[in-house]
Amino acid sequence: MFTGLIEEVGKLKGVKKQGEAMRLSIGATRVLEGVQIGDSISVNGVCLTVTDYDGGSFAADVMPETFRRSTLHALRSGESVNLERAMQAGARFGGHIVQGHIDGTGKIIGRETDANAVVFRIKLDDPSSLRYVIPKGSITIDGISLTVVDTSAQTFAVSIIPHTLGETALLNKKPGESVNIECDVIGKYVDHLLHFKQPESEAPKSKLSTAFLMENGFL
């Protein structure tokens, strides 16, 4: 689990592709402190597993599902990426609950200055996810915990303070570029529970069936 508070901006040192499988080599410093093989590091919001590391970089594999669902497939050597280590138990929780499981991608369609802030407007590639995007609710953009300030039928907007912009890879993002989106996990679970339907044959039998009521003289 992550918090969406970016620890550092790393540099992509190498990309090896084999079909829809990838191996990334990422230059970093802070997230390597105490790193071990098997640790989780969020890369642009995607939870990846450290498979190798040295004094100035780490490697991680990207499987086809992640390749297809995220923007990682479009990364090129030299690009900046947002990095965050998995949250430690007992640490300060400054963002919101972030799993590192990308729901999909979106395209930046607007970037405007609003006094000391920058407002990004984003259009989701899958509009069905908009049901999880709530004004003043939390959302993760490329691994950054942000607050939704506005929604429309097809888009939403987030407002970013100078510190967050300067300390993340969003600084150089422009309209037309794509970003990874993770919606608030609480909303997704609530939606699933409210709409989940089991097949009739697998659904638990209710004791208040018609036969039960007839047997006990209620009908």
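The following paragraphs examine the structure supplied in this document. Model, not experiment: these values are computed from the prediction.

## Focus: the pairing of strand β10 (residues 144-151)
Now for step 1: Examined bridge by bridge, strand β9 (residues 138-141) and β10 share 4 bridges and lie antiparallel to one another. The residue bridging Thr-140 from the neighbouring strand is Ser-145, located in β10.
Now for step 2: Taken together, β9 and the strand that follows it, β10, pair antiparallel across an intervening segment of 2 residues, in which Asp-142 is found at a positive phi of about 50 degrees.
Now for step 3: Bridge analysis of β10 against strand β11 (residues 155-160) gives 3 bridges, and the strand direction is antiparallel. By the bridge assignment for β11, Val-148 is matched with Val-158.

## As for the environment of Phe-120
Now for step 1: Summarising the element assignment, Phe-120 is placed in strand β8 (residues 117-124).
Now for step 2: Judged by its relative accessible area of 1%, Phe-120 is buried.
Now for step 3: As a C-alpha pair, Phe-120 and Thr-155 span 35 residues in sequence and 10 Å in three-dimensional space.

## A closer look at empty space enclosed by the protein
Now for step 1: The final tally for this structure, using the stated rule, is 1 cavity of 30 Å³ or more.
Now for step 2: There is about 40 Å³ of room inside the largest cavity.
Now for step 3: Along the walls of the largest cavity sit Asp-103, Gly-104, Thr-105, Leu-124, Asp-126, Ser-129, Ile-181 and Cys-183, which together make up its complete lining.
Now for step 4: Within the residue set of the lining of the largest cavity, elements represented by two or more residues are β7 (104-114) and β12 (178-183).

## Overview of helix α3 (residues 185-195)
Now for step 1: Along α3, the residues classified as buried are Val-185, Lys-188 and Asp-191. Each buried residue of α3 sits inside an arc of 125 degrees when the element is viewed along its axis, so together they form one side. For α3, the exposed residues set more than 90 degrees away from the buried face come down to Ile-186, Tyr-189, Leu-193 and Leu-194.
Now for step 2: On the buried face of α3, the contacting elements are β12.

## Considering the sheet that holds β10
Now for step 1: On the basis of which strands lie adjacent, the closed barrel formed by 6 strands has the order β7-β8-β11-β10-β9-β12 and antiparallel pairing. Ignoring which end each strand starts from, the neighbouring axes of this sheet average 45 degrees apart.

## Topic: the pattern of salt bridges
Now for step 1: By the definition in use, this model includes 10 salt bridges.
Now for step 2: In this structure, the salt-bridge partner of Glu-65 is Arg-68, at a minimum N-O distance of 3.9 Å. Placement of the pair is Glu-65 and Arg-68 together in helix α1 (residues 64-69), with a separation of 3 residues, close to one helical turn.
Now for step 3: For Glu-65, the salt bridge is made with Arg-69, and the minimal N-O distance between the two is 3.0 Å. Here Arg-69 and Glu-65 lie together in helix α1, a separation of 4 residues that amounts to about one turn.
Now for step 4: Under the relative-accessibility criterion, Glu-65 is labelled partly exposed at 37%.

## Examining the side chain of Thr-105
Now for step 1: Here Thr-105 is to be found in strand β7.
Now for step 2: Within the structure, the side chain of Thr-105 is placed 2.4 Å from the side chain of Asp-125, a separation counted as a polar contact.

## A look at the environment of Gly-110
Now for step 1: Examined against the element boundaries, Gly-110 turns out to sit in strand β7.
Now for step 2: A relative accessible area of 17% places Gly-110 in the buried class.
Now for step 3: With 66 residues separating them in the primary sequence, Gly-110 and Gly-176 have C-alpha atoms 8.4 Å apart.
Now for step 4: Sequence-distant contacts of Gly-110, that is, excluding residues within four places in its chain, are made with Val-119, Phe-120, Arg-121 and Pro-175.

The rules behind these values
Residues numbered from 1 in each chain as written. Predicted model: local features only at pLDDT ≥ 70, side-chain atom pairs only at ≥ 80, totals over all residues. Heavy atoms only, no water. Pairing = 2+ DSSP bridges. Helix = DSSP H or I, 4+ residues; strand = E, 2+ residues; numbered from the N terminus. Buried < 20%, exposed > 50% of the residue type's maximum accessible area, 1.4 Å probe, protein only. 1 Å grid on protein atoms, 1.4 Å probe; cavity = no way out; pocket = protein on both sides within 12 Å on 5 of 7 lines; lining within 4 Å. Points joined across faces, edges and corners; volume = space filled by probe spheres on them. Arc of directions from axis to C-beta. Contact = heavy atoms within 4.5 Å. Axes fitted to C-alpha atoms, helices over the stretch in contact; angles between N-to-C directions. Salt bridge = Lys/Arg side-chain N within 4 Å of Asp/Glu carboxyl O. Polar contact = N/O pair within 3.5 Å; in protein donor to acceptor, adjacent residues only side chain to side chain.

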